[in-house]
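Close look at the chain arrangement
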Amino acid sequence: MLNTAIIGLGWWGKTLVKAAKDFGAPIRFVRGVSLEPDTVHGFAAEHEIALGTSFEEAIADPQVQAVILATPHSKHRAQVEAAAAAGKHIYCEKPFALAKSDAVAMLDACKRAGIVIAVGHHFRLMPSMRLLAELKDKGAFGTIMHMEGNYSHDWLANMPAESWRMAAEESRAGGMTGMGIHVLDCFRDLAGPMKRISALSKARALKLPTGDTTAALVEFESGATGTLGTTIKTPFEWRIAVYGEHCRAVSVSETRAIVHYAGKEPETIDRPADNHLGRNLDYFAKAALGQGTFPISPAGILQTASALEAVFKSVDANGAWTAV
């Protein structure tokens with residue numbers, strides 16, 4: 001078992017703890033850190049987590065082998081560098097970094113320390129997305145011509161204004177840090193590295209300073225094109241589509257994909273539900289225990305972080321093409 005400290009016990013930190021336990025990942029949560037301990041005493045007691053308020057104390061604890069960071073995005077660099085220096089394996093929630101330079105520094109720190117670094121890009125593990133990856137791996141698409149992606153919902157629309165998730169420095173370009181980042185990572189996973197991005201972000205319904213709706217045009221290094229959309233004020237949608245020369249396939253939910261081969265009727269494929277968040281944590285824990293490797297390489301982590309910053313820069317430049 002991997003003795004782990006969970007840093008941040010808000011709603012998502014709690015979700016991570018439960019997902020790991022429900023999946024049966026080899027993680028033992030021995031410490032938890034919260035800046036609002038009075039609100040999580042019951043949860044910590046239920047899961048036998050020693051609760052504290054100091055990140056520094058948690059990474060100084062010799063029994064702690066790893067940390068899971070469910071903290072504000074802007075804190076990730078300092079926390080990753082500190083945890084790496086303390087020799088702790090790290091699972092960092094997405095977005096890994098808000099700037100490419102930060103991601104480079106963080107990954108360098110992990111490499112120097114010789115520790116495992118993992119990131120919370122678990123949507124690529126949804127059953128429907130694994131089906132799309134299988135089609136790619138067996139060459140069913142042929143040349144990938146185009147990608148389309150949209151992840152939108154209104155779950156965050158009524159979040160309190162004082163929440164850190166609504167702060168301009170944490171959630172730039174509308175829903176990109178909460179939702180669009182998943183589309184970018186799935187694009188990278190299926191179509192390879194991105195070369196340049198043109199993006200716009202608008203305040204349509206919520207009038208947020210950083211916008212509520214973002215659209216982007218993507219050029220991949222392969223020459224393929226892509227379009228991305230995300231909004232935080234509309235009913236739920238998840239859609240990743242791959243347009244190949246021989247086959248078109250689209251993930252329309254966690255478990256359902258529609259596959260269309262040339263000259264044939266579309267086939268709807270439903271796969272059993274899976275705890276893909278727990279599976280991602282399981283990959284991390286086993287890699288830290290020397291039982292495999294985390295599926296996303298440091299280069300892949302960097303590529304997605306770089307693409308996110310390219311979206312930010314393009315939005316700031318009113319849609320100008322920006323290199324990834």
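Note that the structure is predicted; figures quoted are calculated from it, not measured. Throughout, residues of each chain are indexed from 1 in the direction in which the sequence is written. Given that the model is predicted, a residue must reach a pLDDT of at least 70 before its local features are reported, and side-chain atom pairs must reach 80 or more before they are shown or counted; all residues, however, enter totals for whole chains, interfaces and linings. The basis for every side-chain value is the complete set of non-hydrogen atoms in the structure, without hydrogens or water.

The interhelical angle for the contact between helix H4 (residues 76-85) and helix H5 (residues 100-113), taken along N-to-C directions, is 10°, at an axis separation of 9 Å. Considering the angle they form, H4 stands roughly parallel to H5. Contacts between H4 and H5 involve His76, Arg77, Val80, Glu81 and Ala84 from the first element and Ser101, Asp102, Ala105, Met106, Ala109, Cys110 and Ala113 from the second. Gly falls in the polar group here, along with every residue not listed as nonpolar (Ala, Val, Leu, Ile, Met, Phe, Trp, Tyr, Cys, Pro) or charged (Asp, Glu, Lys, Arg). Per-class residue counts for the contact of H4 with H5 are seven nonpolar, two polar and three charged. Angles run from 0 to 180 degrees between N-to-C directions of axes, and those axes are lines fitted to C-alpha atoms, restricted for helices to the stretch in contact. Strands are runs of DSSP state E lasting at least 2 residues, helices are runs of H or I lasting at least 4, and numbering of each runs from the N terminus. Note that the term roughly parallel is reserved for angles under 35 degrees, roughly antiparallel for angles over 145, roughly perpendicular for angles of 65 to 115, and oblique for everything else. We call two residues contacting when some pair of their heavy atoms lies within 4.5 Å.

In most cases, non-glycine residues show a negative phi, while peptide bonds are predominantly trans. With an omega of -10°, the peptide bond between lysine 94 and proline 95 qualifies as cis. For proline 95, the location among the structural elements is in the loop between strand S5 (89-92) and H5. Here alanine 173, not a glycine, exhibits a phi torsion of approximately 55°, which is positive. In this structure, alanine 173 sits in the loop between strand S7 (144-152) and helix H7 (176-191).

This paragraph deals with the state of the cysteines. Chemically, a disulfide is nothing more than a covalent bond linking the sulfur atoms of two cysteines. Disulfide assignment relies on a single distance test, namely cysteine sulfur atoms paired within 2.5 Å. This model, assessed by the stated rule, comprises zero disulfides. With no disulfide of its own, cysteine 110 has cysteine 92 as its nearest cysteine by sulfur position, at a separation of 8.9 Å. Relative accessibility under 20% of the residue-type maximum defines a buried residue, over 50% an exposed one, and the middle range a partly exposed one, all with a 1.4 Å probe and only protein chains included. Under the relative-accessibility criterion, cysteine 110 is labelled buried at 2%. In this structure cysteine 247 is not part of a disulfide, and its nearest cysteine sulfur, from cysteine 186, lies 17 Å away. Accessibility expressed as a relative area gives 1% for cysteine 247, which makes it buried.

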